[in-house]
Amino acid sequence: MYKAVIIGGSAGSFQVITRILNSLPPTFPLPVLLSLHRLKHVRSGFVEALSIKSSIPVIEPYDKDQIKPGKAYLAPANYHMFIELGNRIALSTEEPVNHSRPSIDLSFSTAAQVYREKLIGIILSGANKDGAYGLKKIKDFGGLTIVQDPEECQVKTMTEASLKLSKVDHVLSTQEIIRFLQNLKQ
Amino acid sequence: MNVTSQDLQYFILTLKNCTKYDLTEYSDKSLMRRLQKILVDFNLDIPGLVAAIRNDADFSEKIVKEITVNTTELFRDPQVWHMLRSRILPRFKNNKTINIWHAGCSTGQEVYSMMILLNEMGMLENAKIFASDLNSDVLEQAKQGVYKYRFNIGYLDNFDKVIKQNPLNYEEFNDVPYEKYFDIDKVRDTITIKKHLTEKPIFRKHDLVKDGNLFFAKFDLILCRNVIIYFNYSLQNKVFELFHTNLYTKGILLLGMHETILGPWAAKFEKMGQAYIKK
């Protein structure tokens, strides 16, 4: 019944993402879209690092790539990643938004418009407020929203901002997020 | 304010009817977002914007400029510049002339990066540099070659990675001083490209959608990075055709890190990493 999962994270989210990707069944039925901030000087090697432990393929997509289930799409460094109608990725080099490129808000809000109530949005640990607006957009379009428990986050600014801006469906620990995603398989 | 796709179509149609700009085949998502931003920035709704476009040519020009600004930086994606240095430019080393076109050059950082690299490789004298963009404001900035220093502090880092270090041999280190190519003024917060670089390129306002080749030259190398991401599939194909026609055989088209040729034109190029070589 869902069509995609989108995950946003920043400082302190790397290990959480790694654990999530590691725990997904190789037959995970949905695409996983990853909009993660990274340090400016660590532009390459990130996708490889995530791939090592992931049970599904992790791809840094090309512009206009078709989104397919069972694959993880990582927003390339220094690009915004949008989701277009027709289930395609679109990239952009517009100005950073809130000092961020990729901007989680942009990825989330374009995904919300495309997948509407069939989208799951997850915000993880991070040190700024990017993502809060995007998560609200997912909620506005009827999607399901999840925030990592701030108590568990290495940096909780991002999750707390998200909780403040909209009524989030679930606040979960990493383990609970994993269990939730594992149960999505039918 | 939420912009619907009907709003967007109405806006595109108005622009097409009232100006020389045709955004019909631009990618929807980025246009939608930029349209939204324009409405907020100018405090207009869709009917207000459309009326303004109909009545005020200067305003329309301004709107198109807002829509077509893209960011760039010196030596964006150092790994691409490593490839230029080690695998692409050496192919043209013995040419009497090297024609290079930066299509969609924005504020010009890529143009100057290329010239700096060519100069370090002893190839700048033989190079003819052409650069174009749809947006005359960014083109003006490109000609000036003056950039914010603090905002672009990563420039120096990229310069070190591409010009000072040799990725194929980490023991090699060329201590090329920044002052050879630009002046840094920390008080005014500017990086200014030296005159011997800014005087050389030929800059032209150019619309990839309909202007063809304005330079009356064929090219050894065309760089068009992070431009076609704003175009739809059919417009991309038209642009690939334009580039293919105007490249010499064995000439090279270089796209952005995450751009690729899909469709019929892919077969007419041989792929070498990020680079497409005309068959």
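Residues numbered from 1 in each chain as written. Chains lettered and ligands numbered in written order. Predicted model: local features only at pLDDT ≥ 70, side-chain atom pairs only at ≥ 80, totals over all residues.

**So, the overall build of chain B**
Link 1 in the chain: Each helix and strand counted, chain B has 10 helices and 10 strands in total.
Link 2 in the chain: In terms of overall size, chain B behaves like a compact globule, its C-alpha atoms giving a radius of gyration of 20 Å where 279 residues would be expected to give roughly 19 Å.
Link 3 in the chain: Along the three orthogonal principal directions, the C-alpha set of chain B runs to about 60 × 50 × 30 Å.
Link 4 in the chain: For chain B, long-range pairs separated by at least 24 residues make up 75% of all intrachain contacts whose partners lie at least 6 apart in sequence. (Helix = DSSP H or I, 4+ residues; strand = E, 2+ residues; numbered from the N terminus. Rg over C-alpha atoms; globule rule 2.2 N^0.38 Å. Contact = placed C-beta atoms within 7 Å.)

**Description of the overall build of chain A**
Link 1 in the chain: Helix and strand content of chain A: six helices and nine strands.
Link 2 in the chain: For 186 residues, the compact-globule estimate of 2.2 N^0.38 gives 16 Å, and the C-alpha radius of gyration of chain A, at 14 Å, lies within 12% of that figure.
Link 3 in the chain: A buried classification covers 52% of the 186 residues belonging to chain A.
Link 4 in the chain: Of the contacts made within chain A by residues no fewer than 6 positions apart, 73% connect residues no fewer than 24 positions apart. (Buried ≥ 20, exposed ≤ 12 C-beta atoms within 10 Å, placed from the backbone.)

**Focus on unusual backbone geometry**
What is expected of a backbone is that most residues other than glycine have negative phi and most peptide bonds are trans.
Link 1 in the chain: At the junction of Arg101(A) and Pro102(A), the peptide bond is cis and its omega measures out at 5 degrees in the coordinates.
Link 2 in the chain: Position of Pro102(A) relative to the elements: it lies in the loop between strand 6 (88-92) and helix 3 (104-115).
Link 3 in the chain: Phi is positive for Asn98(A), close to 50 degrees, though the residue is something other than glycine.
Link 4 in the chain: Considering the arrangement of structural elements, one finds Asn98(A) in the loop between strand 6 and helix 3.
Link 5 in the chain: For Asn98(A), a count of 15 C-beta atoms within 10 Å gives the class partly exposed.
Link 6 in the chain: The phi angle at Asn43(B) is positive, at roughly 55 degrees, despite the residue not being glycine.

**A closer look at the interface of chain A and chain B**
It is common to report an interface's size as the accessible area lost on association of the parts.
Link 1 in the chain: Contacts between the two partners involve 18 residues from chain A and, on the opposite side, 16 residues from chain B.
Link 2 in the chain: Mapped onto the side of chain A that touches chain B, the elements with two or more residues apiece are strand 5 (80-84) and strand 6 of chain A.
Link 3 in the chain: No other element matches strand 6 of chain A, which puts three residues into the side of chain A that touches chain B.
Link 4 in the chain: Across the side of chain A that touches chain B, the residue classes break down as seven nonpolar, four polar and seven charged. (Nonpolar A, V, L, I, M, F, W, Y, C, P; charged D, E, K, R; others polar.)

**What about the domain arrangement of chain B?**
All names here are of chain B.
Link 1 in the chain: Partitioning chain B into structural domains gives domain 1 (5-67) and domain 2 (78-278).
Link 2 in the chain: Just the C-alpha atoms count here: the centres of domain 1 and domain 2 sit 30 Å apart.
Link 3 in the chain: Each partner contributes to the interface: domain 1 provides six residues, whereas domain 2 provides nine residues.
Link 4 in the chain: Here the residues of the side of domain 1 that touches domain 2 sort into one nonpolar, two polar and three charged. (Domains from an automatic or database assignment.)

**Topic: the packing of helix 3 of chain A against helix 4 (residues 132-140) of chain A**
Residues and elements named next belong to chain A.
Link 1 in the chain: The geometry of helix 3 relative to helix 4 is characterised by a closest axis approach of 7 Å and an angle of 10 degrees between their N-to-C directions. In terms of orientation, helix 3 lies roughly parallel with respect to helix 4. In this structure, helix 3 contributes Ile-104, Asp-105, Ser-107, Phe-108, Ser-109 and Ala-112 to the contact, and helix 4 contributes Tyr-133, Gly-134, Leu-135, Lys-137 and Ile-138. (Axes fitted to C-alpha atoms, helices over the stretch in contact; angles between N-to-C directions. Parallel < 35°, antiparallel > 145°, perpendicular 65-115°, else oblique.)

**Considering the sheet that holds strand 3 (residues 146-148) of chain B**
Residue and element names in this part refer to chain B.
Link 1 in the chain: Judged by pairing direction, the sheet is antiparallel, and its three strands sit side by side in the order 3-5-4 without closing on themselves. Only two strands of the sheet have a single neighbouring strand rather than two, namely strand 3 and strand 4 (182-185). Neighbour-to-neighbour, the strand axes of the sheet open up by a mean angle of 20 degrees, direction not taken into account.
Link 2 in the chain: Pairing geometry for strand 3 and strand 5 (residues 190-193), over three bridges, is antiparallel. Each bridged residue has a counterpart across the sheet, and for Tyr-147 the counterpart in strand 5 is Ile-191. (Pairing = 2+ DSSP bridges.)

**Side note on the pairing of strand 8 (residues 144-148) of chain A**
Here is the key point about a regular strand: its side chains alternate between the two faces of the sheet.
Residue and element names in this part refer to chain A.
Link 1 in the chain: Taken across its five residues, strand 8 has four buried, putting it largely inside the fold.
Link 2 in the chain: Summarising the sheet, strand 7 (residues 119-123) and strand 8 pair through four bridges and their orientation is parallel. The residue of strand 8 that forms the bridge with Ile-120 is Leu-144.
Link 3 in the chain: Of the crossover connections in this fold, the one passing from strand 7 over helix 4 to the parallel strand 8 is right-handed. (Right-handed = clockwise from strand over helix to strand, strands pointing away.)

**Re the sheet that holds strand 8 (residues 247-255) of chain B**
All names here are of chain B.
Link 1 in the chain: Taken in spatial order, the seven strands line up as 6-2-1-7-8-10-9 in an open sheet, and their pairing is mixed. In this open sheet, the two strands that pair with only one neighbour each are strand 6 (202-205) and strand 9 (269-272). Direction aside, the axes of adjacent strands within the sheet are offset by 20 degrees on average.
Link 2 in the chain: Where helix 6 (residues 109-120) meets the sheet, it contacts strand 1 (98-103), strand 2 (127-133) and strand 7 (219-224), and its direction lies at approximately 170 degrees from that of strand 2.

**Remarks on the pairing of strand 7 of chain A**
Residue and element names in this part refer to chain A.
Link 1 in the chain: Counting buried residues along strand 7, five of its five residues qualify, which places the element largely inside the surrounding structure.
Link 2 in the chain: Residue alternation in strand 7 divides its side chains into two sets, Leu-119, Gly-121 and Ile-123 and Ile-120 and Ile-122, and both sets are buried.
Link 3 in the chain: Of the strand pairs in this sheet, strand 1 (residues 4-9) and strand 7 are connected by five bridges, and their pairing is parallel. Each bridged residue has a counterpart across the sheet, and for Gly-8 the counterpart in strand 7 is Ile-123.

**Remarks on helix 10 (residues 233-246) of chain B**
All names here are of chain B.
Link 1 in the chain: Helix length check: helix 10 (14 residues) gives 20 Å between terminal C-alpha atoms against 20 Å at 1.5 Å per residue, within 8%.
Link 2 in the chain: Buried within helix 10 are the following residues: Gln-236, Val-239, Phe-240, Phe-243 and Asn-246. Angular distribution of buried residues about the axis of helix 10 spans 140 degrees; they occupy a single face of the element. Within helix 10, the exposed residues directed more than 90 degrees away from the buried face are Ser-234 and Thr-245.
Link 3 in the chain: On the buried face of helix 10, the contacting elements are strand 7 and strand 8. (Expected span 1.5 Å × (residues − 1). Arc of directions from axis to C-beta.)

**Details of the environment of Ile53(B)**
Residues and elements named next belong to chain B.
Link 1 in the chain: By secondary structure assignment, the location of Ile-53 is in helix 3 (residues 46-55).
Link 2 in the chain: The partly exposed category is assigned to Ile-53, around which 19 C-beta atoms lie within 10 Å.
Link 3 in the chain: C-alpha separation for the pair Ile-53 and Thr-19, spaced 34 residues apart in sequence, amounts to 8.5 Å.
Link 4 in the chain: The contacts of Ile-53, once residues within four sequence positions are left out, are Thr-14, Leu-15, Cys-18, Phe-59, Ser-60 and Ile-63.

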